[in-house]
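Secondary and tertiary structure notes
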Amino acid sequence: VVTRMDFEFSNKEELYKRVLPALKAKKAFLDNNGYEYINEIDVWNYLKDNYWKNRSDLTLGEMVNDILSTPNFKLEEYVTRESRNNKSSSDNLL
């Protein structure tokens with residue numbers, strides 16, 4: 001028997017904490033592939049700004065899949081573009 005679990009979050013911080021294990025796994029993968037300068041919040045902000053912005057009814061599974069499958073070069077382009085705009089990644093958590 002498979003049960004579907006629906007989660008509701010009262011704010012983005014709560015959601016961020018829920019997907020943090022996937023963000024940490026992506027960070028470890030990035031570190032192992034020479035992208036040590038990209039951190040968890042960069043991955044979160046990239047997806048929030050580019051993938052999830054106009055989506056509704058995302059499941060946790062879809063979000064985790066997006067986190068783990070986002071191409072490293074896309075994250076690198078995002079971080080480079082954001083740093084050129086003098087935007088600190090910690091300024092845009094949620």
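Provided above is the structure to which this section pertains.
Here's a quick rundown of the structure. A quick note: this is a predicted structure, and the numbers were derived from the prediction, not measured. (Residues numbered from 1 in each chain as written. Predicted model: local features only at pLDDT ≥ 70, side-chain atom pairs only at ≥ 80, totals over all residues. Heavy atoms only, no water.)

Observations concerning the side chain of Lys27
Filter applied, for reference: Secondary structure counts use DSSP, requiring at least four H or I residues in a row for a helix and at least two E residues in a row for a strand, with both numbered from the N terminus. Pairing of N or O atoms within 3.5 Å defines a polar contact, subject to two protein rules: one partner must be a possible hydrogen donor and the other a possible acceptor, and residues neighboring in sequence count only if both atoms are side-chain atoms. Whether two residues are in contact is decided by their heavy atoms: any pair within 4.5 Å suffices.
With respect to the helices and strands, Lys27 occurs in helix 1 (residues 12–32). From its side chain, Lys27 meets the backbone oxygen of Glu36 in a polar contact 2.7 Å long. Every residue in contact with Lys27, bar those within four places of it in the chain, is listed here: Tyr35, Glu36, Ile38, Asn39 and Glu40.

Comments concerning the pattern of salt bridges
Put simply, the rule reads: Here, a salt bridge means any side-chain nitrogen of Lys or Arg that lies within 4 Å of a carboxyl oxygen of Asp or Glu.
Counting across every chain of the model gives 3 salt bridges. Note that Lys27 and Asp31 form a salt bridge whose closest N and O atoms lie 2.6 Å from each other. Of this pair, Lys27 and Asp31 both sit in helix 1, 4 residues apart, which is roughly one turn of the helix.

Side note on the environment of Asn45
By secondary structure assignment, the location of Asn45 is in helix 2 (residues 40–50). For Asn45 and Val79, which are 34 residues apart along the polypeptide, the C-alpha to C-alpha distance reads 9.6 Å.

A word on the nonpolar core
Where we set the bar: Nonpolar core, defined: a set of buried Ala, Val, Leu, Ile, Met, Phe, Trp, Tyr and Cys residues in which side-chain atoms within 4.5 Å join the residues together. Using a 1.4 Å probe on the protein chains alone, a residue whose accessible area is under 20% of its type maximum counts as buried, one over 50% counts as exposed, and one in between counts as partly exposed.
In this structure, Val19, Leu23, Ile38, Val43, Trp44 and Ile67 are the most contacted members of the largest nonpolar core, which totals 20 residues. Sorting the residues of this core by element identifies helix 1, helix 2, helix 3 (60–69) and helix 4 (72–84) as the ones contributing at least two each. With residues near it in sequence (within four places) discarded, Ile67 still touches Val19, Ala22, Leu23, Lys26, Val43, Leu47 and Trp52.

Structural notes on the side chain of Lys48
Position of Lys48 relative to the elements: it lies in helix 2. Since its relative accessible area comes to 13%, Lys48 is described here as buried. Engagement of the side chain of Lys48 in a polar contact is seen with the side chain of Asp49, the distance being 3.4 Å.

Section: the packing of aromatic side chains
This is how it is decided: Centres within 6.5 Å are what make two rings of Phe, Tyr or Trp a pair, Trp counting through its six-membered ring; a difference in plane orientation under 30 degrees is then read as stacked, over 60 as edge-to-face, and the rest as tilted.
Within this structure, the stated rule accounts for 5 aromatic pairs. Where Trp44 meets Trp52, the ring centres are 5.6 Å apart and the plane angle is 70°; that geometry is what we call edge-to-face. Assessed through its relative accessible area of 9%, Trp52 is described here as buried. On the basis of an interplanar angle of 70° and a centroid distance of 5.4 Å, the ring pair of Tyr46 and Tyr78 is categorised as edge-to-face. With a gap of 32 residues between them, Tyr46 in helix 2 and Tyr78 in helix 4 connect regions that are remote in the sequence. Residues Tyr46 and Tyr78 agree in their burial class; the two are buried. Members of the aromatic cluster, each reached through a chain of ring pairs, are Tyr16, Trp44 and Trp52.

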